[in-house]
Amino acid sequence: MFIKTSFLPDKKVKLVAISGINKNIIKSLEKQGIECIEIKNNPLLDFPIQSHADMQMLKLRNNTILLANNLDYLKAELERHSFNVIIIDENLITNYPNDILLNNVLIDDYCIGKYDVMPKKLIEYCTANNIQIVSVKQGYSKCSVSILNNKAIITSDKNISIVYKQLGFDVLLIPYGDIELPGYNYGFIGGCCGMIDKNIMAFTGNLNKYKYGQEVLSFLHNHNIEPLYLTNGNLIDIGSILPLKY
């Protein structure tokens, strides 16, 4: 059974897409009864983010997934799980902004991202399905956002926080930093977590070891969401945990 709304399951997830690099995180998810589609390194992306799922694919509504080209292994794996895979025409390229083509957020009737680099097929899909495109300055639109539900997000980006508030979202704005992403100064909050049940958000590390963990925990509590720590270490940006199927 496919998750209707991107990023937001309404019951326990049984299939996710996730970077294949951190095997301990994958094992923790598997202990929860969740199968993991492991994303391999893509040499077209900068080394620290080569295996990040949210850079290479975007789940749209129901069983439709938008995918970067030249990923035959991933296309085959998704089709094995009965997904309708749409390959974008544009090529991922290491240099920004050509690496962020698929790093967008789709919530209900909104698609939020940097419009001038959105793939043509994403724009066509949104038009055909009455989805309003909302453009933001931040190119790493998904990395920058932790999605709790269809009315609440966490971000460190001030511009993104303003846009989401204008759309009626409850927003927790936290400072940048204290999230690991080897090769960069820091990672993003959206890249170190993902919803795996209606009221459970999985984190790559322990919020009690995160500088702004208490603020996040309080915000989660306000929205009746429990954290699940996949490791007891620091938060690490792995390119999101993308829920796909029940």
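All values derive from a computational prediction rather than experimental measurement.

*Asks:* Explain the packing of aromatic side chains here, please?
*Replies:* Each aromatic ring pair is summarised here by two numbers: the centre-to-centre distance and the angle between the ring planes. Summed over all chains, the structure comprises seven aromatic pairs. An angle of 85° between the planes, with centres 5.0 Å apart, marks the rings of Y164 and F169 as edge-to-face. F169 shares its class with Y164; the two are buried. Through a chain of ring-to-ring contacts, the aromatic side chains of Y96, Y140, Y176, Y186 and F188 assemble into a single cluster. Looking at K151, its charged tip hangs above the ring of F169, at a distance of 5.3 Å from the centre.

*Asks:* How should the sheet that holds strand β6 (residues 105-107) be read in this particular structure?
*Replies:* Pairing is mixed across the open sheet formed by three strands, whose spatial order is β6-β7-β8. Both edges of this open sheet fall to β6 and β8 (132-135), since each of them pairs with a single strand only. Averaged over all neighbouring strand pairs, the angle between strand axes comes to 20°, with direction disregarded. Bridge analysis of β6 against strand β7 (residues 110-113) gives three bridges, and the strand direction is antiparallel. Following the sheet pairing, V105 is matched in β7 by I112.

*Asks:* Would you mind showing me how to read the nonpolar core here?
*Replies:* Ranked by internal contacts, the top residues of the largest apolar core, which has 76 residues, are M57, L78, Y164, Y210, V216 and L244. With four residues, the top contributor of residues to this core is helix α5 (residues 213-222). Residues V13, I34, I241 and Y246 belong to the second largest nonpolar core, which totals 16 residues.

Reading the values: the criteria
- By convention here, each chain's residues receive numbers from 1 onward along its written sequence.
- Only residues with pLDDT of 70 or above have their local features reported here, since the model is predicted, and side-chain atom pairs are shown and tallied only from 80 upward, although totals for entire chains, interfaces and linings are computed over all residues.
- With hydrogens and water excluded, all non-hydrogen atoms of the structure serve as input to the side-chain values.
- A pair of aromatic rings is counted whenever rings of Phe, Tyr or Trp (Trp by its six-membered ring) have centres within 6.5 Å, and the orientation is called stacked for planes under 30 degrees apart, edge-to-face for over 60 and tilted otherwise.
- For every residue, the accessible area obtained with a 1.4 Å probe (protein chains only) is divided by the maximum for its type, and the residue is called buried under 20%, exposed over 50%, and partly exposed between those limits.
- Charge over a ring is defined by NZ of Lys or CZ of Arg lying within 6 Å of the ring centre and within 35 degrees of the ring normal.
- Between any two strands, pairing holds if DSSP finds at least two bridges.
- For the purposes of this entry, the term helix denotes a DSSP run of H or I that reaches at least four residues, the term strand denotes a run of E that reaches at least two, and both are numbered from the N terminus.
- Helix axes are fitted only over the stretch in contact, all axes being lines through C-alpha atoms; the angle between N-to-C directions runs from 0 to 180 degrees.
- Only buried residues count toward a nonpolar core, which is a set of Ala, Val, Leu, Ile, Met, Phe, Trp, Tyr and Cys residues joined through side-chain atoms within 4.5 Å.

None of this, on its own, says anything about what the molecule does.
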